[in-house]
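Results of the structural survey
Take a look at the letters that make up each chain.
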Amino acid sequence: MTITTTSASALVPTASASKYLQQLCKHWEHNLQVEFTPENGTVIFPRDARGADHPGDAVVTFNVAETGLEVRIDASSDEQLEGLKGAVARHLDRFAFREAPLAFDWR
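By the naming in an unreviewed UniProt entry, the protein is DUF2218 domain-containing protein, taken from Sphingomonas agrestis.

Of the consecutive residues Ala-100 and Pro-101, the connecting peptide bond is found in the cis state with omega at 0°. By secondary structure assignment, the location of Pro-101 is in the segment after α2 (78-95). Positive phi, close to 55°, is recorded for Arg-50, a residue that is not glycine.

Looking now at the sheet that holds strand β3 (residues 40-45). The strand order across the open sheet built from five strands is β1-β5-β4-β3-β2, with neighbouring strands paired in antiparallel fashion. The open sheet has two edge strands with one neighbour each: β1 (6-13) and β2 (33-36). Averaged over all pairs of adjacent strands, the angle between their axes in this sheet comes to 10°, without regard to strand direction. Bridge count between strand β4 (residues 58-65) and strand β5 (residues 68-75): seven bridges; the pairing is antiparallel. Residue Thr-61 lies in a different strand from β5, and its bridge partner there is Arg-72. The strands touched by helix α1 (residues 17-28) within the sheet are β2, β3, β4 and β5, with β4 carrying the most contacts at an inclination of about 155°. Where α2 meets the sheet, its contacts fall on β1, β3, β4 and β5, and the angle it forms with β5 comes to roughly 155°.

Cut-offs used in this document
Residues numbered from 1 in each chain as written. Predicted model: local features only at pLDDT ≥ 70, side-chain atom pairs only at ≥ 80, totals over all residues. Heavy atoms only, no water. Helix = DSSP H or I, 4+ residues; strand = E, 2+ residues; numbered from the N terminus. Pairing = 2+ DSSP bridges. Axes fitted to C-alpha atoms, helices over the stretch in contact; angles between N-to-C directions. Contact = heavy atoms within 4.5 Å.

Structure, rendered in C-alpha cells:
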C-alpha cells in the first residue's frame, strides 16, 4: 500500500547516471521490489522496512537526464522522506566514490 503525503526531488549532476541507477537498483533488488532499465528505475520501500511503522510504502524513482540522475521520493510521512533522502544519498555516494560527495539539491 502506497500513501503519498510528501515528496522531494533532486537532479544529481553526474556523467554516469545510467551506471549509478543500475548499481543502486541491483543493490536494492535483493531485498526490495525493484524495476529498472538503463534509463529509469523504481524502488518500493515497505512501510515497515527496518522495523519502521510508516503509514504507507515509499517509492523512489530514478531517471537518467542529460545532466545527471533525477531522483524523486514519494513518501507517506516526513520522517520516512528524510530517512530515504539520507539512504539514497549515502548509497549513491558509495557507488560514485570517485565523484563523491555528489550534490543533492532536494526540492
